[in-house]
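Listed below are the residues making up each chain.
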Amino acid sequence: MISSHAFLLIYIRHCQLIEYTRCRPKTGPQKLNIYVSTTIGYISCMGLFFDANFQETSQKEVHMFSAKTCIYSSIIYYTFQTVYSYWTVPELNSIAVFYCRAGITFFNYVFIMIALTVREQLSFYIMNHSVEDYMHWSPDVPGWPVKVMSCAMEWLIVLSFQLYMLTYYPEFKRVQMGIPSIQPIELEQDSPMLISFAFIRHSFRYPAHRKTHTTKESSVT
């Protein structure tokens, strides 16, 4: 559920930036950068999806790879969005929102660095233990403080990501999305589109005429 919501949020943010780039082609972010950041955001959503559906007790390798993919892709995506927030002041957001997102992104980097350091120490303690023992540790087991610190960093990273998403609320209140309306346009007789349509129609009809003509000749013979 969370991955689908994040996927939708990334899509709305993508449409918002594309529309801003169309209106401000010289001041806004480039379309290529927007597509790259959106792709990275989608990769983080896929990592979150697999991380939630493959538990550490059953598929440890898949769980760990998906968790790393989600965290690393998310921090890269939010770094892109923080830079975009600076470029879109004051049309889309205020400078205060930019500072807020920059602060959250900075603390995300700090939490990730601490989590990586603690994770290396934690792997030393769980090297000779099974996954079940690792999931049900008690304070009398060696490495308990490291385990608590690792869990705390993981929760802080997730909460900071959620807090970053909440900063989009003032912007998305002004976003309106609807179904585009298509109106037919009457073209001139010699327009390229009509000529191409005539060529396609002729190419489809030509084998049928040739087949009919051959049949008539054979019947006369």
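Residues numbered from 1 in each chain as written. Predicted model: local features only at pLDDT ≥ 70, side-chain atom pairs only at ≥ 80, totals over all residues. Heavy atoms only, no water.

**Describing the packing of aromatic side chains**
On inspection of all chains with the given rule, the structure shows 14 aromatic pairs. Taking the centre distance of 4.3 Å and the plane angle of 35 degrees together, the rings of Tyr78 and Tyr164 count as tilted. Linking Tyr78 in helix 3 (residues 60-87) with Tyr164 in helix 6 (residues 144-166), this pair joins segments that are 86 residues apart in sequence. Using a relative accessible area of 0% as the deciding quantity, one classes Tyr164 as buried. Site record: aromatic cluster; members linked through ring pairs are Tyr77, Tyr78, Phe161, Tyr164, Tyr168 and Phe172. (Phe/Tyr/Trp six-rings, centres within 6.5 Å; stacked < 30°, edge-to-face > 60°. Helix = DSSP H or I, 4+ residues; strand = E, 2+ residues; numbered from the N terminus. Buried < 20%, exposed > 50% of the residue type's maximum accessible area, 1.4 Å probe, protein only.)

**Focus on a nonpolar patch on the surface**
A grouping of Val83, Tyr86, Trp87, Ile95 and Tyr99 is seen on the molecular surface, where their side chains present a nonpolar patch of about 520 Å² in accessible area. Every element with two or more residues in the nonpolar patch is listed here: helix 3 and helix 4 (95-125). Turning to its location among the elements, Tyr99 is positioned in helix 4. (Patch = residues over 30% accessible without salt bridge, like charges linked within 9 Å, V, L, I, M, F, W, Y side chains within 5 Å. Areas by Shrake-Rupley, 256 points an atom, 1.4 Å probe, with all protein chains shown as cover. Salt bridge = Lys/Arg side-chain N within 4 Å of Asp/Glu carboxyl O.)

**Side note on the UniProt feature "transmembrane region" (unreviewed entry) in the chain**
Under the feature "transmembrane region" (unreviewed entry), the UniProt entry names residues 32-50, 62-80 and 92-118. Between the end C-alpha atoms of residues 32-50 the distance is 27 Å, and the span holds 100% helix and 0% strand. Along residues 62-80 the backbone is 100% helical and 0% strand, and the end-to-end C-alpha distance reaches 27 Å. (UniProt positions renumbered as here; feature names shortened; annotations may be inferred.)

**What about the pattern of salt bridges?**
In total, this model carries 4 salt bridges according to the counting rule given. Two residues, Glu171 and Arg13, come together in a salt bridge whose shortest N-O distance is 2.9 Å. In this pair, Glu171 is assigned in helix 7 (residues 169-172) and Arg13 in helix 1 (residues 2-23), connecting sequence segments 158 residues apart. We note a salt bridge from Arg22 to Glu19, for which the minimum N-O separation is 2.4 Å. Here the residue Arg22 and the residue Glu19 both occupy positions in helix 1, the gap between them amounting to 3 residues, near one helical turn. Taking the relative accessible area as the measure of exposure, Arg22 reaches 54% and is therefore exposed. On the basis of relative accessibility, which here comes to 36%, the residue Glu19 falls in the partly exposed class. Overlapping salt bridges, with partners in common, bring together Arg13, Arg101 and Glu171 in one network.

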